[in-house]
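# Summary of the model geometry
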Amino acid sequence: MLIALIAKDKKGALQTRKDNRDAHLNYISATGVVAMAGPLLDAAGEMCGSLVILDVADMAAAQAWADSDPYAKAGLFESVELKAWKKVVG
């Protein structure tokens, strides 16, 4: 099941993102369930959120992955939304 994780950072949290980026990327690599991912960018081109496509068994697995993400544990996000997603192109 493909799940889109759409997370928006708290205002002024760019340094928190930078400080936890290596741990986040290591987590992505270690878990093996991320089909694609990348940061959302603001008008100035700075990172301000995340889009992660998870390939997991169900929504509960997606929620567990999201809860264990080092970014989430560091309190980076203002909001996190998980939505079932269907790949059509690409």
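Per chain, the residues get numbers from 1 upward, laid out in the order the sequence is written. The predicted origin of the model limits local features to residues at a pLDDT of at least 70 and limits the giving and counting of side-chain atom pairs to 80 or more, whereas totals for whole chains, interfaces and linings rest on all residues. Remark: hydrogens and water are excluded; side-chain values derive from all non-hydrogen atoms of the structure.

## Here's the deal with helix α2 (residues 59-68)
Because each turn of an α-helix spans 3.6 residues, side chains separated by three or four positions in sequence point in the same direction. To sort residues, take the accessible area from a 1.4 Å probe on protein chains only and compare it with the maximum for the residue type: under 20% means buried, over 50% means exposed, and anything in between is partly exposed. Only DSSP runs of H or I reaching four residues or more are called helices, and only runs of E reaching two or more are called strands; each is numbered from the N terminus. Looking only at α2, the buried set comprises A62, W65 and A66. For α2, the angular spread of the buried residues around the axis is 95°, confining them to a single face. Two residues form a contact once any of their heavy atoms are found within 4.5 Å. Residues of α2 that are buried sit in contact with β1 (2-9), α1 (14-31), β2 (34-41), β3 (47-55), α3 (70-73) and β4 (77-84). Throughout this description, a polar contact denotes any pair of N or O atoms lying within 3.5 Å of each other; where both atoms belong to protein, one of them has to be capable of donating a hydrogen while the other can accept it, and for residues adjacent in sequence the pair is counted only when both atoms sit in side chains. Backbone nitrogen of A60 and a side-chain oxygen of the N-cap are separated by 3.3 Å at the start of α2; the cap is D58. In this context, the arc is that of the directions from the helix axis out to the C-beta atoms.

## Some points on the pattern of salt bridges
Salt-bridge detection follows one rule: a side-chain nitrogen of Lys or Arg within 4 Å of a carboxyl oxygen of Asp or Glu. Within the structure shown, the criterion is met by two salt bridges. With its nearest N and O atoms 2.7 Å apart, the salt bridge here joins D9 to R17. Under the relative-accessibility criterion, D9 is labelled buried at 10%. The class of R17 is buried, set by a relative accessible area of 1%. We note a salt bridge from K83 to E81, for which the minimum N-O separation is 3.7 Å.

## What about α1?
The terminal C-alpha atoms of α1, which comprises 18 residues, lie 24 Å apart, in line with the 26 Å expected from a rise of 1.5 Å per residue. For α1, the complete set of buried residues consists of R17, H24, Y27 and I28. Residues of α1 that are buried sit in contact with β1, β2, β3, α2, α3 and β4. In the stretch just after α1, G32 is the one whose phi turns positive, near 70°. Here the expected length of a helix is defined as 1.5 Å per residue gap, with one fewer gap than residues.

## Observations concerning the environment of V89
Inspection of the secondary structure puts V89 in the segment after β4. V89 sits 74 residues away from Q15 along the chain, and the two C-alpha atoms are 34 Å apart.

## Digging into the side chain of R17
Within the element layout of this structure, R17 appears in helix α1. Only 2.7 Å separates the side chain of R17 from the side chain of D9, close enough to count as a polar contact. Reaching out from R17, the side chain makes a polar contact with the backbone oxygen of G49 at a distance of 2.9 Å. Excluding residues that lie within four positions of it along the chain, R17 makes contacts with D9, P39, M47, C48, G49, S50, Y71, L76 and F77.

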